[in-house]
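# Analysis of the macromolecular model
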Amino acid sequence: MADIRNNFVGIKSPNPFWLASAPPTDKAYNVIRAFKAGWGGVVWKTLGEEGPPVANVNGPRYGAIWGADRRLLGLNNIELITDRDLQVNLREIKQVKKDWPDRAIVVSLMVPCEEHAWKAILPVVEETGADGIELNFGCPHGMSERGMGAAVGQVPEYIEMVVRWCKANTRMPVITKLTPNITDIRKPARAALAGGTDAVSLINTINSITGVNLDSFAPEPTIDGKGSHGGYCGPAVKPIAMNMVAEIARDPETHGLPISGIGGITTWRDAAEFMALGAGNVQVCTAAMTYGFKIVQEMIAGLENWMDEKGHASLDDIVGRATPNVTDWQYLNLNYIAKAHIDQEACIKCGRCHIACEDTSHQAITSMVDGVRHFEVIEAECVGCNLCVNVCPVENCITMEPLAAGVLDQRTGRPVSPVYANWTTHPNNPMAKVAAE
């Protein structure tokens, strides 16, 4: 059986599935239940400095986006860091780590962007026996208005400075959690690396408003007639998160920097995709909040079964395997030609492919042939965009079939070239023409 034990920057856990810093990791009761269910580790909900805890709202904290079947696609939350006393959290962390030594416990931290504040909290966290710390530079609401969270994560110079403070004042591995609310994710990752971080984790939540109540005309969730922007998470953010993970993994300046992947992970497949793009492990939040802690059992079984089926002996066999295949658009092979093909036996004659292609694409699918309802690809018009594949309700009914070299492309009237050619050398590229001259 595949070995899914995880060693992330020296932090060991029986599997790569950690619970992210969030409500599910706010107290010992939750964490113990999570460990009993099978989670390999947790990132304890963000601790603040000594003193009066933060005050959370005492009303709705979540907005939501649902699919047509009421499946939860995204959550917007306006909750802040832990509102429990620091010493209570520290005592619980210490006891849970003592009772569960084989599980990873990383402590998320957020204190003012002042060196003395970080120097004060690091030793008390280290005394708990925690395996590492995660610097919360991602929270986009509430704390950012106080100069913490995303307010730090959006300034690479601040990131590097705080990471240096932490590395100079603790023996624990430092994981820097990055905000997605930034133009280029590579810059904060580079700054964290320059500061000496052991790893980065991403993404934190995306700044958002998920809906407006059209009776009260206030954003939801609504507190006494008012709403606020919050952090968006869940399956809907997965594509954004994977792109950012891949950008860091393939950046020459941060290549090899350990990454903990976060963002919409709900199934074992999601986790495998993140790891294939360069994540060493994954963190989960919304899925646990939606389906409960036992969802990790499906994730573990699914990952093990897939790895066994594919012959992957350990996580090292899959981490980063897809990274070399991520490239910039300009390097895609423009001589690659594919055409859509409709399996007539599988086709249910719904016509969605025709409507999508006829109204918004390339008019390359018939609706009637010889007076009979019939959907077939017109190869002379098909550009291979695969929109029809994505709107078809029958899986694998429509497939994309590449044309072999030398075969005539009926749309262009030219045979398919066997030579790789991209935009940098294309005759329509004005820069290529200048270079040729």
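A brief structural summary. What you see is a predicted model, and the numbers here were worked out from it, not measured in a lab.

Time to look at the overall build of the chain. Helix and strand counts for the chain stand at 13 helices and 22 strands. When each of the 437 residues of the chain is scored for burial, the buried share is 49%. Residue pairs in contact within the chain that sit at least 24 positions apart in sequence constitute 69% of those at least 6 positions apart. Working note: accessible area of the chain is about 20,900 Å², and carbon and sulfur atoms make up 52% of it. Charge-centre separation for the chain: the mean point of 38 positive side chains lies 4 Å from the mean point of 49 negative side chains.

Together, Ile 209, Val 212, Leu 214 and Phe 217 make up an exposed nonpolar region whose accessible area comes to about 460 Å². Checked against the element boundaries, Ile 209 lands in the loop between β11 (206-208) and β12 (212-213). Note on Ile 209: relative accessible area 52%, which makes it exposed.

Residues Leu 202 and Ile 203 are joined by a peptide bond in cis, for which omega reads 10°. Here Ile 203 is to be found in the loop between β10 (199-202) and β11. The linkage connecting Glu 220 with the following residue, Pro 221, adopts the cis geometry, with an omega of 5°. Structurally, Pro 221 can be placed in the loop between β13 (218-219) and β14 (230-233).

Counting through the fold element by element, Ser 108 comes out in strand β7 (residues 104-109). With relative accessibility at 1%, the residue Ser 108 sits in the buried group. A distance of 2.7 Å separates polar atoms of two side chains, one belonging to Ser 108 and the other to Thr 46. If we ignore the near neighbours within four places in the chain, the residues touching Ser 108 are Ser 21, Val 43, Trp 44, Lys 45, Thr 46, Leu 47, Glu 134 and Asn 136.

Taken across its five residues, strand β17 (residues 338-342) has four buried, putting it largely inside the fold. Pairing between β17 and strand β20 (residues 398-402): five bridges, direction antiparallel. The residue of β20 that forms the bridge with Ile 342 is Ile 398.

Rules behind the numbers
- By convention here, each chain's residues receive numbers from 1 onward along its written sequence.
- The model is predicted, so local features are restricted to residues of pLDDT at least 70 and side-chain atom pairs to those at 80 or more, both for listing and for counting; the totals for chains, interfaces and linings are taken over all residues.
- In computing side-chain properties, one takes all heavy atoms of the structure into account and sets aside hydrogens as well as water.
- Only DSSP runs of H or I covering at least 4 residues are called helices, and only runs of E covering at least 2 are called strands; the numbering of each starts at the N terminus.
- Exposure categories follow from relative accessible area, calculated using a 1.4 Å probe and restricted to protein chains: below 20% of the type maximum is buried, above 50% is exposed, and the middle band is partly exposed.
- Whether two residues are in contact is decided by their heavy atoms: any pair within 4.5 Å suffices.
- For accessible areas, the Shrake-Rupley method is used with a probe of radius 1.4 Å. Any residue's cover is judged against the shown protein chains and nothing else.
- Think of it this way: Lys and Arg go in the positive column, Asp and Glu in the negative one, and His and the chain ends go nowhere.
- The atom standing in for a charge is NZ when the residue is Lys, CZ when it is Arg, CG when it is Asp and CD when it is Glu.
- Grouping into patches uses exposed residues only, defined as over 30% relative accessible area, and leaves out salt-bridged ones; the cut-off is 9 Å for like charges and 5 Å for nonpolar side chains (Val, Leu, Ile, Met, Phe, Trp, Tyr).
- In the sections that follow, a salt bridge refers to a side-chain nitrogen of Lys or Arg positioned within 4 Å of a carboxyl oxygen of Asp or Glu.
- Any pair of nitrogen or oxygen atoms within 3.5 Å is treated as a polar contact; in protein, a donor-acceptor pairing is required on top of that, and neighbouring residues in sequence qualify only through side-chain atoms on both sides.
- Two strands qualify as a pair provided DSSP detects at least 2 bridges between them.

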